[in-house]
Amino acid sequence: MVRSGCGCGRDEGPRSGPEFGRQPGPEPGPEPALGAAAGERGDRADARSPALFQVLLHVLFEHAVGYALLALKEVEEISLLLPQVEECVLNLGKFHNIVRLVAFCPFASSQVALENANAVSEGVVHEDLRLLLETHLPSKKKKVLLGVGDPKIGAAIQEELGYNCQTGGVIAEILRGVRLHFHNLVKGLTDLSACKAQLGLGHSYSRAKVKFNVNRVDNMIIQSISLLDQLDKDINTFSMRVREWYGYHFPELVKIINDNATYCRLAQFIGNRRELNEEKLEKLEELTMDGAKAKAILDASRSSMGMDISAIDLINIESFSSRVVSLSEYRQSLHTYLRSKMSQVAPSLSALIGEAVGARLIAHAGSLTNLAKYPASTVQILGAEKALFRALKTRGNTPKYGLIFHSTFIGRAAAKNKGRISRYLANKCSIASRIDCFSEVPTSVFGEKLREQVEERLSFYETGEIPRKNLDVMKEAMVQAEEAAAEMARKLEKQEKKRLKKEKKRLAALALASSENSSSTPEECEETSERPKKKKKQKPQETPQENGMEDSSVPVSKPKKKRSFSKEGLASSDLEETAGSVSLPKRKTCVPKEEPGSDAEEAGNRSVPKKKRKFSSKEEPLSSGPEEAAGSKSSSSKKKKKLQKLSQED
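Residues numbered from 1 in each chain as written. Predicted model: local features only at pLDDT ≥ 70, side-chain atom pairs only at ≥ 80, totals over all residues. Heavy atoms only, no water.

**Details of the packing of aromatic side chains**
Just so we agree on the cut-off: Two rings from Phe, Tyr or Trp (for Trp, the six-membered ring) form a pair when their centres sit within 6.5 Å of each other. Planes less than 30 degrees apart are called stacked, planes more than 60 degrees apart edge-to-face, and all others tilted. Secondary structure is summarised from DSSP: a helix means a run of H or I of at least four residues, a strand means a run of E of at least two, and numbering begins at the N terminus for each. A 1.4 Å probe rolled over the protein chains alone gives each residue an accessible area, and that area as a share of the maximum for its type sets the label: buried under 20%, exposed over 50%, partly exposed in between. Criterion for a charge above a ring: Arg CZ or Lys NZ at most 6 Å from the ring centre, at most 35 degrees from the ring normal.
Evaluation of the coordinates by the stated rule reveals eight aromatic pairs. Considering the side-chain rings of Phe-61 and Phe-182, the 5.2 Å spacing of their centres and the 50 degrees angle between planes classify their relative orientation as tilted. Placement of the pair is Phe-61 in strand E2 (residues 55-62) and Phe-182 in helix H9 (residues 170-185), with a sequence separation of 121 residues. Under the relative-accessibility criterion, Phe-182 is labelled buried at 2%. Look at Tyr-67 and Phe-107: their rings are 5.3 Å apart centre to centre, the planes differ by 80 degrees, and that puts the pair in the edge-to-face class. You can see Tyr-67 sitting in strand E3 (residues 66-72) and its partner Phe-107 sitting in the loop between strand E4 (99-106) and helix H6 (110-122), a full 40 residues away along the chain. Given a relative accessible area of 14%, Phe-107 falls into the buried group. Three or more aromatic residues joined by ring pairs form one cluster here, namely Phe-61, Phe-104 and Phe-182. Geometry around Tyr-263 places Arg-243 over its ring, the cationic atom sitting 4.7 Å from the centre.

**What about the packing of helix H13 (residues 260-270) against helix H16 (residues 311-345)?**
Selection criterion: Axis angles are defined between N-to-C directions and span 0 to 180 degrees, where every axis is a line fitted to C-alpha atoms and, for a helix, only to the segment in contact. By definition, turning the near helix anticlockwise from the far helix through less than a right angle yields a left-handed crossing, and turning it clockwise yields a right-handed one. Contacts are assigned to residue pairs with any non-hydrogen atoms lying within 4.5 Å of each other. The nonpolar class holds Ala, Val, Leu, Ile, Met, Phe, Trp, Tyr, Cys and Pro. Asp, Glu, Lys and Arg form the charged class, and all remaining residues, Gly among them, are polar.
Following both chains from N to C, one finds H13 and H16 inclined at 145 degrees, their axes separated by 9 Å at the closest point. Handedness of the H13/H16 crossing: left-handed. Packed against H13, whose contacting residues are Ala-261, Cys-264, Arg-265, Ala-267 and Gln-268, the element H16 presents Glu-318, Ser-321, Ser-322, Val-324, Val-325, Ser-328 and Glu-329 at the interface. In terms of residue class, the contact of H13 with H16 is built from five nonpolar, four polar and three charged.

**Regarding a nonpolar patch on the surface**
So the rule is basically this: Only residues whose relative accessible area exceeds 30% and that form no salt bridge are eligible for patches; like-charged ones are grouped when within 9 Å, while nonpolar side chains (Val, Leu, Ile, Met, Phe, Trp, Tyr) are grouped when within 5 Å. Surface accessibility follows the Shrake-Rupley procedure with a 1.4 Å probe radius. Residue values consider only the protein chains on display as shielding. Salt bridges are defined as contacts in which a side-chain nitrogen from Lys or Arg sits within 4 Å of a carboxyl oxygen from Asp or Glu.
Nonpolar side chains collect at one region of the surface, where Trp-245, Tyr-248 and Met-307 lie side by side and expose about 330 Å² of accessible area between them. Structurally, Met-307 is set in the loop between helix H15 (291-302) and H16.

**Some remarks on helix H18 (residues 355-365)**
Of all the residues in H18, the buried ones are Val-357, Gly-358, Ala-359, Leu-361, Ile-362 and Ala-365. Residues of H18 that are buried in the fold lie against helix H11 (219-247), H16, helix H17 (347-353) and helix H19 (368-373). Positioned one or two residues after H18, Gly-366 has a phi angle of 105 degrees, which is positive.

**Concerning the pattern of salt bridges**
A full pass over the atoms with the stated rule returns 18 salt bridges. Where Glu-160 meets Arg-130, a salt bridge forms, and the shortest distance between an N and an O atom there is 2.7 Å. Taken together, the residues Glu-160 in helix H8 (residues 151-160) and Arg-130 in helix H7 (residues 127-136) connect sequence positions 30 residues apart. Taking the relative accessible area as the measure of exposure, Arg-130 reaches 22% and is therefore partly exposed. A salt bridge links Glu-456 to Arg-468, with the nearest nitrogen and oxygen atoms 2.9 Å apart.

**Overview of the side chain of Ser-422**
One can find Ser-422 in helix H23 (residues 418-438). Assessed through its relative accessible area of 0%, Ser-422 is described here as buried. Look past the residues within four positions of Ser-422 in its chain and what remains in contact with it is Gln-380, Lys-400, Tyr-401, Ile-404 and Ile-410.

**With respect to the environment of Phe-460**
Looking at the element boundaries, Phe-460 is found in helix H24 (residues 445-463). A relative accessible area of 32% means that Phe-460 is categorised as partly exposed. With near-sequence residues (within four places) excluded, Phe-460 lies in contact with Glu-465, Ile-466 and Pro-467.

**Points about a positive patch on the surface**
Where we set the bar: His is not counted, nor are the chain ends; Lys and Arg add positive charge and Asp and Glu add negative charge. By convention, the point assigned to a charge is CZ for Arg, NZ for Lys, CD for Glu and CG for Asp.
A cluster of basic residues, Lys-491, Lys-494, Lys-497, Lys-498, Lys-501, Lys-502, Lys-504 and Lys-505, forms a positive patch on the protein surface. Structurally, Lys-504 is set in helix H25 (residues 470-547). A relative accessible area of 64% places Lys-504 in the exposed class.

**Things to note about the side chain of Gln-453**
Rules: Polar contact is the term for a pair of N or O atoms within 3.5 Å; when the atoms are in protein, one must be able to donate a hydrogen and the other to accept it, and sequence-neighboring residues count only if both atoms are side-chain atoms.
You can see Gln-453 is positioned in helix H24. You can call Gln-453 buried: its relative accessible area is 3%. At 3.3 Å, the side chain of Gln-453 and the side chain of Lys-428 are in polar contact. Dropping the residues within four chain positions of it, Gln-453 is found in contact with Tyr-424, Lys-428, Lys-469, Asn-470, Val-473 and Met-474.

**Focus on the confidence of the model for the protein**
The condition is simple: The predictor's confidence in any single residue is recorded as pLDDT, a number from 0 to 100.
Summarising the model, the protein shows a mean pLDDT of 76, and 70% of its residues fall at 70 or more. pLDDT under 50 marks residues 1-54. Its contacts with residues more than four places away, or in other chains, come to 76 contacts.

**With respect to the pairing of strand E5 (residues 144-147)**
To keep it simple, the criterion reads: When the strands point away from the viewer and the connection leading from the first strand across the helix to the second strand turns clockwise, the crossover is called right-handed.
Every second residue of E5 is oriented toward a common face, with Val-144 and Leu-146 on one face and Leu-145 and Gly-147 on the other, all of them buried. Running through H8, the crossover from E5 to the neighbouring parallel element strand E6 (residues 164-166) is right-handed.

**Some points on unusual backbone geometry**
Even without glycine at this site, Met-289 takes up a positive phi of about 60 degrees. Its location among the elements puts Met-289 in the loop between helix H14 (281-288) and H15. In this structure Met-289 comes out as exposed when scored by relative accessible area, which is 72%. Of note, Arg-395 is a non-glycine position whose phi angle comes to about 60 degrees, a positive value. Looking at the element boundaries, Arg-395 is found in the loop between helix H21 (385-394) and helix H22 (408-412).

**Focus: the nonpolar core**
Selection criterion: Among buried residues, the Ala, Val, Leu, Ile, Met, Phe, Trp, Tyr and Cys ones that are joined through side-chain atoms within 4.5 Å form a nonpolar core. Boundaries between domains were set according to an automatic or database domain assignment.
Grouped together as the largest cluster of nonpolar side chains are 37 residues, with contacts concentrated most on Leu-349, Leu-352, Ile-353, Ile-362, Leu-371 and Leu-425. Going through the elements one at a time, H11, H16, H17, H18, H19, H22, H23 and H24 are the ones with two or more residues in this core. Per element, the largest residue contribution to this core is six residues, and it comes from H23. Both domains that furnish three or more residues to this core are identified here as domain 2 (219-333) and domain 3 (347-477). Aside from chain neighbours lying at most four places away, what touches Ile-362 is Asp-218, Ile-222, Met-342, Ala-346, Leu-349, Ser-367, Leu-368 and Leu-371. Grouped together as the second largest cluster of nonpolar side chains are 25 residues, Leu-69, Val-112, Val-125 and Leu-146 included.

**Structural notes on the packing of H11 against H16**
The cut-off we apply is this: Comment on the angle field: the value is read as roughly parallel under 35 degrees, roughly antiparallel over 145, roughly perpendicular from 65 to 115, and oblique elsewhere.
One can describe the packing of H11 onto H16 by two numbers: an axis separation of 9 Å at closest approach and a directional angle of 155 degrees. If you check the angle between H11 and H16, you find them roughly antiparallel. Every pair of crossing elements has a handedness; the one defined by H11 and H16 is left-handed. Of the residues in the contact of H11 with H16, the class split is 22 nonpolar, six polar and four charged.

Here it is as structure tokens:
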């Protein structure tokens, strides 16, 4: 037996307190701390003469919140395994007398906790764990015994750090108590927070384990092949129902058309056989893909022995036939999807034995990893378990093949060679599944080479031609696989370069757009600040136009003339000319009789009122009623004064 110690020597006197220790001495005595049960077993323990721990025992405990390093006081292994001691582990007060916390290293974040959990599960010593052990464990490694719960991480610690590690027995009991009382051992940690940390780490750990590679997930293959088999059964059942239902009306069609999907399409297209004529013959040829069958259907419809059927029955038959046709079309698309997934997940297996049989092998094994772990003898009879156990029970002949019977190789072999070729094919399937499972770059080169080997073995059984050696074939496959991997790497590099170029162009366009926006914003602010100023300047310029100012207001009012009278056009100008010609004699009547002046003066006198008339008439909608009246009076008084001056000069 092994006994733990404090590492710094033994005490001479007896131990006090409820520790489960023994007093040193030449004659081993009873263990007083164990009570009556320990006293009864004292002679038995002395007879076994258990050895004492001469080294210090530490226990490493991994929790969702961090690592905990605990020291174990002097405890005999035989005492720890007693039922009374197991009950003491459940009691917090007694458990504190056995174990004390040496160090606690909390995780900085949930991501760090996930990294440490992955490292522990894979048997790798994380840097945080290394720092904790090197800091808080004694420097003399031979005097330290470290208890861990997982043998894998214990072997890694012993190999990298040199500490002796122990699992099971005493360590399992101590870890059970630590797990139970952990929130009481660490200050500031509550039971609720510890449970939340465990739940969060468990979710993230499971999520990380599931997300290995989205493109290499075989769960989709398992579901697809299962759905494909179910669809085959359902389509077959529904098609037989359509044949029986529509056969009452057109029984001769069953003998002409054998394919279920084609029969349902024809039943949907023909409907009432009495309406089938020469015009629908071309469509019949498209559906049947055979002119002779289309002609036979047309002839049979004219001399059919079927019963007449009502319109409502035909509608139900056609609707059910359309459902069967849609199911068969979905079955084709699902088969295409399965082929694409098999080329991504298991290209070698699908190239060797086919997509459907390979998918059934994966589904029956549970996953591609499980199939890769199976030996070739298991792969050979996979799917024939019932026949195997029946043969073992009755001591009969065991089955030679299971699911691989659906491959073309076993059907092509002779009866006496079916067992040989099935065993050889199972061997190659096992190799192909392992290549697909553990290769980093998926390629179908190995599957094609393995298929060639099976073909050569078939010809060897039939003709006796010696096939190539497996070593030579694998060397060729390795060369071709390297070339394919290099080609794929080049394609990926080109795609990455194109993606980077597009990203650069996009970033440049965004930068240019942002710079234009930043430069245009101050200009827009200036324009907005200038616009109200211009409007303020235009207001005093519009007032003299209303008052009838002559030359200074004319250029300002020109654009307003075009805007306000653009719809009237030429009609307004004609009216203005007529108004000007009529106004001349009116102005002359208010002037006293004069001698006839020069033509130039008369032309000048005539031109002035025309301009004024045009301007005043076009500015009328801009002014109000009283303002028009005041403006007209002032203008008439000024005109009179000018005419008087001209008459005086004459």
